[in-house]
Each structure stands twice: as C-alpha cells, then as structure tokens.
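# Architecture at a glance
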Amino acid sequence: MSWDLGQGGCPSLAQKTGRVLTEFLRFYEDQYGVALFNSMRHEIEGTGSPQAQLLWRKVPLEERIIFSGNLFQYQEDNKKWRNRFSLVPHNYGLVLYENKVAYERQIPPRAVINSAGYKILTSLDQYLELVGNSLPGTTPKSGSAPILKCPTQFPLILWHPSARHYYFCMMTEAEQDKWQAVLQDCVRHCNNGIPEDSKVEGPAFTDAIRMYRQSKELYGTWEMLCGNEVQILSNLVMEELGPELKAELVPRLKGKPQERQRQWIQISDAVYRMVYEQAKARFEAVLSKLQLARPAMEAVIRTDMDQIITSKEHLASKIRASILPKAEVCVRNHVQPYIPSILEALMVPTSQGFTEVRDVFFKEVTDMNLNVINEGGIDKLGEYMEKLSQLAYHPLKMHSCYEKMEPLRLDGLQQRFDVSSMSVFKQRAQIHMREQMDNAVYTFETLLHQELGKGPTKEELCKSIQRILERVLKKYDYDSSTVRKRFFREALLQITIPFLLKKLAPTCKSELSRFQELIFEDFARFILVENTYEEVVLQTVMKDILQAVKEAAVQRKHNLYRDSVVMHNSDPNLHLLAEGAPIDWGEEYGDGSGGGDPGIQQAAPLSEKRRRAKQVVSVVQDEDAGLPFEAAPEPPSPSSPDGVTELRGLLAGDLRAESPLLAGPLLNGAPVQESPQPGLAPEATSPPASPLRQPMSEKLVGLEPSKPSDQETGEQVSSPGGCPPIHTTTEDSAGVQTEF
C-alpha cells in the first residue's frame, strides 16, 4: 500500500511543515543576536573556572575504527534476513555493506545510519510494546503472528518515534551485549550533534527550541533534543504534526493489526524524510542570511558594548523589582525543599561512574606495567601504549563505567518537576566520564613519553610507570570533582528552571510586554525581554543550588573537593609538553603494528603508517563460545532464506567457517588509497561533547565542549573525482540507497 503524501494522501503536509518552520525560525533569528552578544561579552569578561589539571587530547580518534564485524539485518522489502558487513568508524555512523567483499572492493555501502534519537532495544516484547503505543488500537490478538519474527533469541532493534527502524540479530547473549555497548556509543555520540564552534549558532538554536516549545506551553526536558540542528528541527515538526497526521491517515489504513502497524511505520518514515529535506533547506537558508549579517552585528556590539550592557542591566533591574517577590516565594515553597533530594539522586550514580573510570584506568595501567615486567619489556611498550591510548573509546571496557548511570531516578520528583526522561542527564554524565578517562590516559602518555627520553632500564621504567600513575590519579581526582560539581549545577538548573517558569507564567508573563519600551531600538537585536526575564528567574534559584553543591563538597560527599581547594598552575611544565606533536607509540616504540586487530594485515609501506586505521575493539568474541559473527567469512551470496529454520542453518554455517584476513589496512571504512574512494567514512575533527543544551547552564557554567563536524552528523559529504558520497540513508523497496 502506498500513500502520495505530497499530493493525494496529505496535500497540506508541506504547507503545515512550512508554517511550523517559519514560526520557529523567527525565534532562531531573535536568539541569534542575543547569543552573538553573549559570546562576545564572554570573550571580553572571561570566567574564573578552575584550571584543569589533566591534559586534553586534540585528536582522540584520528584514523580509528571503533569496531567492525558481521550483523544479520532484516530486510523489510522482502522480509528476509541478510548477513551484512558492518563497521563503526570514529564518527560513530554505523556503515552497512552488502558483504565484506563489497567493502574490500570499495563498493559504496548499503546505508550509513546516524543513530541520533534512536533507542536500542534488546527484545521483541520491548519493540512490540513501543509500536503498539505509537499506534493505539492496532494491538494484535493473542496468538497471532507479530509484526516481526527474529530467528534467534538475541535481537538488537534501533527504534525511532518517527524515522525508519532497523532490525539486527545475534547468535548469543554475549554477542548481543557487546554489540549493544558498541551501538550505545553510537547513539550517545550522535545525540550530541550540534556543532558549537563559534559559541553562537549552537546556543541560539537550543534557546530557540526552548522558547518555541514554551510558547506552546511545553516546559521541562525534551527527549528528542538530539542530533544535529536539522534532525532536531525535524523532530520538532513531527512532535507538532504527528498527532494530526495520525488522526488523518490512521483511519484509512487497511488490513490486520500487524499490517496497519507496518504501514504506519513506513508512512511515518516517509513523512519524516520529507520534513527533514524541507527543514534542511529552510534552516540553511536562514543560517546563511544570519552569517552574512553577522559582521555588521559584531561591529555594533564592539562599538556599543558598554551601552548594551548598561541597557540590559537597567531592564533586568526593572523586571527584578516586578517579579522577584513572586519568584522568591515560588522557589521557597516549591523548589528549595527538594534540591537536596535531587542532588543526592544525581550524586550517587554519577560519582560511582567516575570512581569506576578511576578504577578501570588504574587496572589497565597496572596490568600494562606487569606485562612490561613479566613479558615484553620496553620492546612491547609501543603495542601496550597504543592499546591504552584508545581506552576511553573502547565501548566494552568503558561499559562498566557507563552502566553506573542507568539506575539514575528521581522517583516522585521526576513527575513533580515534569522531567519526561532522565536520558539527557545519563548521557551527559557518560560523556564527561569518557572525556575524563581520555584526559587521564593522554596525561599519562605525555608524562611517560617524557620519561622514556631518559633511556630507563626495565626496572626503572616500571617504577616510573607507577610514580606517573599516582601523579595522574591525583590530577584526575581534582578534575573529576570539578567536572561533577559543574554537572550537578547544570542538572539542577535544567530540572528546576522550566518548573519555575511554568509556575510563574500565569502571573508574570503577562507583565513582560510593558518592559519592551525600555530597550533602545538599536539594541533590540541583542536584548530580549523574555531572555532577561528568564535570567532573573534563574538568579533566584541559583544561590540555593550553589549552596547545596558547596555543602556536599564541604562534607566530602562522594569525594568532592571544596571550592577553596584550588590547584592553579600546579604543574605548568605539563601543559608545555602537550604542545608537541602527537605520540605514535606503534612507530616509535613498537614494530609498527599499532596494537590493532590481529586479524588485520599490516602490510602498508612505512610512508602510509600514519594513514592506516587502527581498530579500537580488536575482537568482540565470547571466549566460552564459538567464533562470533565478526570472525565469520562472508558466504558466497546465497539466496535469501525463506524461513527461520533455513536462516538458523545459515547462521550455523557462518559460525563454523574460518576467519579470513582482510585484504588491506582499514582507513575510516575503506582500504588505503592515494585518493579518496567510494565508501570512505567522513572525518571527525574533534571529540564530541555537547553540554546539556539548556542556555541557563551554558551561561553560568562556561563549558568548553568539543565540536563534531557537519560531516559526522548526517550531512552530505562531497566526494572528489565523482565518487558517490555517503549519506544517512534508507533503502527503498528495490534496495536502492535513498538519501536522507
């Protein structure tokens, strides 16, 4: 069954999408000037944030592949399961090839999945429940065939409320757990997809999203604030048009409940892709217009900075005099009593996670030191350090840290403060854990590299490793405390501010219009009444939040340091060491193998060593089981199995086969060539780390996140020489790539 969504089925879809986009983009244009002013003011005034003790690696995963292996994927067009060769490059887009031969021959992939906004499900029951909830009235009768059958007991399903779903399966629970850890890393990374290079476009966009939703009386956290700007904007449109679309189209669906569910998933995906393309064109046009106007706006701000600040402070004083008594009463009665409970709920799992990071780092370095003593000595140091340098991006070794955040709950407080999901806080804390692990590893690398310049014996080297480890752990403890306190303040603001704004709206928002006349017309692009009002509300609760976090530190809860413990420039020479060239352990202190997958041939000439991909997870394999999918060779294109029994035979055949070596070294999803080739995964320029995407926390805390490139967040990548680009894709009924 097909729907002509552009003409017959839903003739007004484009117009309705355009209406939502037009309304949102007015908010975005307003917020752009405010964000530009705030950014330039911040550059001038700066912040007094404590100096980090650990170093930061500028290029953490250059030319790395997180993981590669075989997955069985369900093909919706012919309802068959097919074996796909899959890899996750350092930009965390899941790349699916027809098979390993297609990959080796540089044939473009079947799809590249940007997993922003997806949930990873590990059972069909979870999936069927979500599908049933998304389309009420279509629950199949007991005993009837479900919408999907899995040939094994270990599925992995990527579910999205609007976009296409992806279905995979594994043979064992251990394989399912390990693939789940890899894909969770993909989701965590892609969810933080807004580039914030200039500190203007990102804050302007997230402020505009919040302001737009508040204009619809939607307060609190929003679970679909994930992905790049176009993905988030598409989610915003679908949030508004989705119910209307269901009311219009669902009554027209025919067939059994399972068939109606399948039809709706296809329709929703088609609508989402149409909305995405329309949102992409409109957003890029407005952004281009604003960037052209930016130099003139910056000139005004530089010339009139003092007058703009004075005007804004005058406006804030008038708003404060009007609404402060009401805001203080609201904070005292409805927020202040609950801050300690919320903080404790945040502190326990977060601090356990950071403690686990410390323990994993200690164990990995200690094990390496024992290996140096008992086995390879300095000759094997390059291989050991190459593996250690990738620790923070090893999804399996980091899993024990990340899972500490899973029990995070606010219980009854979650409903009281209208927190729809805790996932935003879990993922932000997990990103902090990864950053701190990599900072600790890189600092250890830098200090050890300096020590090796002295030519130590094996015994001296082992003592030095232990001494450097203790030195890095002290720095980690300090930075961990600083990062966690900042995270707690951010999270408390994000939970309480929307609640306060909603409580105060009936009595305060109606009074705001009279303050507009206090803003000079020349400054109207940089000062907004609504933003200033929210800053005043924020200030009323901020002192209670700061006090609560300070008291927790004074009591040494969860190993937090007091604010008075400052380590400014405690090790100035260390930061000078970080200015040198990146360390290539495999080339300097090893045999050049780089500690990569032992199943990957390392036959590239010396001139290409730096261009080779190094795989972070060398093998995903259950030692107690047979060979996993990753170790199985690609079968010679068998016909699609017609049933579950036939597929089980195919799976068993794959597991019995021996593992072949790859034909050549991996480079971001394609064999190394002198020129770009089809299937080349897009580059990532820096580690991803977006803040909680709420302006209040950004303004007060002063995060300095890394920024993913547009290429790694689902944008089209042009390929020189006429090579086909990689897109975020779906496959139509003919199995052909469709740009998304």
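Residues numbered from 1 in each chain as written. Predicted model: local features only at pLDDT ≥ 70, side-chain atom pairs only at ≥ 80, totals over all residues. Heavy atoms only, no water.

The protein is annotated in an unreviewed UniProt entry as Protein Niban 2 from Muntiacus muntjak.

What follows concerns helix H9 (residues 381-389). Of all nine residues in H9, seven are buried; the element is thus mostly enclosed. Within H9 the residues assigned to the buried category are Leu381, Gly382, Tyr384, Met385, Glu386, Leu388 and Ser389. (Buried < 20%, exposed > 50% of the residue type's maximum accessible area, 1.4 Å probe, protein only. Helix = DSSP H or I, 4+ residues; strand = E, 2+ residues; numbered from the N terminus.)

Another point: helix H12 (residues 423-452). With 30 residues, H12 should cover 44 Å at 1.5 Å per step; its first-to-last C-alpha distance of 43 Å lies within 8% of that length. Within H12, 25 of the 30 residues are buried, leaving the element largely enclosed by the surrounding structure. (Expected span 1.5 Å × (residues − 1).)

The subject of this paragraph is the nonpolar core. A general trend in soluble globular proteins is that nonpolar side chains are found buried together. One finds Phe24, Tyr28, Phe168, Phe361 and Phe444 to be the most contacted residues of the largest nonpolar core, which totals 163 residues. In this structure, this core is formed jointly by two domains, domain 1 (9-59 + 194-304) and domain 2 (67-127 + 146-191), each of which donates at least three residues. If we skip the residues at most four places from it in the chain, Phe361 touches Leu391, Met437, Ala440, Val441, Phe444, Leu469, Val472 and Leu473. If you look at the next biggest cluster of nonpolar residues, it comprises 14 residues, including Trp81, Cys150, Trp159 and Ile265. (Core = buried A, V, L, I, M, F, W, Y, C linked by side-chain atoms within 4.5 Å. Domains from an automatic or database assignment. Contact = heavy atoms within 4.5 Å.)

Its identity is not glycine, yet Gln106 carries a phi of approximately 65°, on the positive side. Structurally, Gln106 can be placed in the loop between helix H2 (100-104) and strand E4 (111-113). For Gln106, a relative accessible area of 15% corresponds to the buried category. Unusually for a residue other than glycine, Asp418 sits at a positive phi of about 55°. Residue position: Asp418 is located in the loop between helix H11 (412-416) and H12.

So, on to the pairing of strand E1 (residues 64-75). Judged by how many residues are buried, E1 sits mostly within the fold: 12 of 12 residues are covered. Pairing geometry for E1 and strand E2 (residues 80-89), over 10 bridges, is antiparallel. Bridge assignment links Phe67 to a residue of E2, and that residue is Val88. Hairpin connection of E1 to E2: four residues between the antiparallel strands, including Lys79 at a positive phi of 55°. Pairing analysis gives two bridges linking E1 to strand E7 (residues 166-170), with the strands arranged antiparallel. Bridging across to E7, Phe72 finds its partner in Cys169. (Pairing = 2+ DSSP bridges.)

According to the stated counting rule, one finds zero disulfides in the structure shown. Cys186 provides the cysteine sulfur closest to Cys190, a residue in no disulfide bond, and the two sulfurs are 6.3 Å apart. (Disulfide = S-S within 2.5 Å.)

This part is about the pattern of salt bridges. Opposite charge on two side chains makes pairing possible when the charged atoms of those side chains draw close. Tallied over the entire structure, the rule returns 34 salt bridges. Its salt-bridge partner being Lys216, residue Glu23 comes within 3.1 Å of it at the nearest N-O pair. Here Lys216 lies in the loop between helix H5 (201-215) and helix H6 (229-249) and Glu23 lies in helix H1 (residues 13-45), a separation of 193 residues in the sequence. In this structure, Glu383 and Lys387 form a salt bridge, with 3.6 Å as the shortest nitrogen-oxygen distance. One end of the pair is Glu383 and the other is Lys387, both in helix H9 and four residues apart, which spans about a single turn. The exposure class of Glu383 is partly exposed, given its relative accessible area of 22%. Salt bridges here are not isolated pairs; linked through shared partners, they connect Arg41, Glu45 and Glu313. (Salt bridge = Lys/Arg side-chain N within 4 Å of Asp/Glu carboxyl O.)

Inspection of the secondary structure assignment puts Gln494 in helix H13 (residues 458-508). For the pair Gln494 and Phe425, spaced 69 residues apart in sequence, the C-alpha to C-alpha distance is 9.5 Å.

Right, let's get into the side chain of Glu535. Here Glu535 shows up in helix H14 (residues 529-554). Take Glu535: its relative accessible area is 19%, and that puts it in the buried class. Of the polar contacts made by the side chain of Glu535, one reaches the side chain of Lys312; its length is 3.2 Å. (Polar contact = N/O pair within 3.5 Å; in protein donor to acceptor, adjacent residues only side chain to side chain.)

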